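Spelled out, the chains give:
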Amino acid sequence: MSLEFAVAAALFAGVVAYAVFGGADFGSGFHDLTAGGARRGAPLRTLIDQSIGPVWEANHVWLIYVLVMWWTGFPQSFAATMTTLYVPFVFALIGIVLRGASFAFRKYSETLWQAKLFGVVFATSSVLAPFFLGTIVGALASGRVPAGGNGDPWSSWLNPTALFTGCISVGTCAFLAATFLTADAARRGETALAAKLRVRSLVVGSVTGIVVFAGLIPIEHDAPTFWDGLTGRAAPVMALSALGGIATLVLLWRGRFGPARLTAVIAVAAVMAGWGIGQYPWVLVDQVSIAEGAGAPATLQGLLVAVGIAAVIVGPALGYLFYLTQSPEWNQAAGGGVKADEGGPIRRGASHWSSQLGN
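The rules behind each value
- Residues numbered from 1 in each chain as written.
- Predicted model: local features only at pLDDT ≥ 70, side-chain atom pairs only at ≥ 80, totals over all residues.
- Heavy atoms only, no water.
- Helix = DSSP H or I, 4+ residues; strand = E, 2+ residues; numbered from the N terminus.
- Rg over C-alpha atoms; globule rule 2.2 N^0.38 Å.
- Buried < 20%, exposed > 50% of the residue type's maximum accessible area, 1.4 Å probe, protein only.
- Contact = heavy atoms within 4.5 Å.
- Areas by Shrake-Rupley, 256 points an atom, 1.4 Å probe, with all protein chains shown as cover.
- Lys, Arg positive; Asp, Glu negative; His and termini not counted.
- Charge placed at Lys NZ, Arg CZ, Asp CG, Glu CD.
- pLDDT = per-residue confidence, 0-100.
- Arc of directions from axis to C-beta.
- Axes fitted to C-alpha atoms, helices over the stretch in contact; angles between N-to-C directions.
- Parallel < 35°, antiparallel > 145°, perpendicular 65-115°, else oblique.
- Left-handed = near helix turned anticlockwise from the far one by under 90°.
- Nonpolar A, V, L, I, M, F, W, Y, C, P; charged D, E, K, R; others polar.
- Salt bridge = Lys/Arg side-chain N within 4 Å of Asp/Glu carboxyl O.

1. A short note on the overall build of the protein
In terms of regular secondary structure, the protein is built from 16 helices and four strands. Radius of gyration (C-alpha) of the protein: 21 Å, near the 21 Å computed for a compact globule of 359 residues. Principal-axis analysis of the C-alpha atoms gives the protein an extent of 65 × 40 × 40 Å. Of all 359 residues assigned to the protein, the portion counted as buried reaches 48%. Contacts spanning at least 24 positions in sequence make up 79% of the contacts within the protein whose residues lie at least 6 apart. Taken as a whole, the protein presents about 16000 Å² of accessible surface, with 71% of it coming from carbon and sulfur. Across the protein, 20 positive and 17 negative side-chain charges occur, with their mean positions spaced 13 Å apart.

2. A word on the confidence of the model for the protein
Looking at the protein, the pLDDT average stands at 88 and 91% of residues meet or exceed 70. Within the protein, strand S4 (residues 344-346) has the poorest average pLDDT of any element, 34, and helix H5 (residues 75-84) the best, 96. A low-confidence stretch, residues 336-351 stays under pLDDT 50, and its non-local contacts, those more than four residues away or across chains, total 29 contacts. Scored below 50 in pLDDT, residues 353-359 shows 27 contacts in the model against residues more than four places distant or in partner chains.

3. Comments concerning helix H10 (residues 224-231)
By the burial criterion, the buried members of H10 are Phe-226, Trp-227, Gly-229 and Leu-230. Considered in projection along H10, the buried side chains sweep an arc of 165 degrees and stay on one side of the axis. Where the residues of H10 are buried, they touch helix H7 (112-141), helix H9 (191-222), helix H11 (235-253) and helix H12 (257-279).

4. Thoughts on helix H2 (residues 42-52)
With respect to burial, H2 is a largely interior element, 10 of its 11 residues being buried. Buried within H2 are the following residues: Ala-42, Leu-44, Arg-45, Thr-46, Leu-47, Ile-48, Asp-49, Gln-50, Ser-51 and Ile-52.

5. A short note on the packing of helix H8 (residues 160-187) against H9
Axis separation between H8 and H9 bottoms out at 8 Å; the angle between their running directions is 160 degrees. On the basis of the axis angle, H8 is roughly antiparallel to H9. Note that H8 runs across H9; the crossing there is left-handed. Residue composition of the contact of H8 with H9, by class: 19 nonpolar, nine polar and two charged.

6. Considering the pattern of salt bridges
In total, this model carries six salt bridges according to the counting rule given. With a closest N to O distance of 2.8 Å, Arg-106 and Asp-32 form a salt bridge. In this pair, Arg-106 sits in helix H6 (residues 86-107) while Asp-32 sits in helix H1 (residues 3-33), placing the two residues 74 residues apart along the sequence. Comparing Arg-106 with Asp-32 shows no difference in burial state: the two are buried.

7. So, the packing of H2 against H8
A packed helix pair is summarised by two numbers, namely the angle formed by the two axes and the spacing between the axes. Running from N to C, H2 and H8 point in directions that differ by 95 degrees, and their axes come no closer than 10 Å. By the angle between their axes, H2 is roughly perpendicular relative to H8. Side by side, H2 and H8 meet where Leu-44, Leu-47, Ile-48 and Ser-51 of the first sit next to Leu-181, Asp-184 and Ala-185 of the second. Of the residues in the contact of H2 with H8, the class split is five nonpolar, one polar and one charged.

This is how it looks when you write it as structure tokens:
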């Protein structure tokens, strides 16, 4: 294994992790947006707050990891991408910032209309951010980022491959989040909510699967190099993704929510792996290969050392955080309901939606 390939593999592992963990967070915003009015949507919004509240900041650490690895390990391609795709990058960044701020502010709103306002911002930006991140992936895969940078700021991402990839990104995030939320609701004994989320998961998963296969039609003509990789060396991984998606739908239909989470993760991770394998050996398709775009050997070695240290220090901490949020004690505390004092709502184990509605 070459040094540059090892760094590229470590970089792409971060991309997959962000797609799975950050994607589930983004997808929760889609369900927040479509949950209904304040009263009807309160149970789902409460579950979303309880499920992603402890982990959403930790999940988005992967984005920082990816960007740092990219600009230090493959600086030429990073500069070319940033000077070409700055429009979707700015929109995605705005969405991420607004999403995080509004998610925090919603919890401490003093009135229902404030909670609604921040809720709309949170939900809308949670949909827009993955869409624009998806268009960046599509632009890179279709070879629209020139090696010298400063490509067309609009046609580079306003094209069939990029737009379909953006839609697929939103759909996969929503499917992953729905599957996770269904399991969370069932584990907390909220059977009625789990039943509703089960239907949501089945619908969103089926629609996303259709969009994924529909998106393959324009890719064949719009991104021929990427298409050859998808239908060649990446074909087994894409087949695994399809099997994972189908298995998730079957498990959801049968009420096996715990195993459905695992197969959903496999499906999404395999989609991302298919992108990486299909694009290999290019960093910028048809422009810059991994070997050509790699930085100095000393820099690459330092990156691998840093990744190893992070894996030893940060990895166990993240794993323990996820373990705690899935423990029975946490679920019991989170599902304990809302108590109110004389001066106003106390937010203990439930979102501000339920507090303002007097539940």
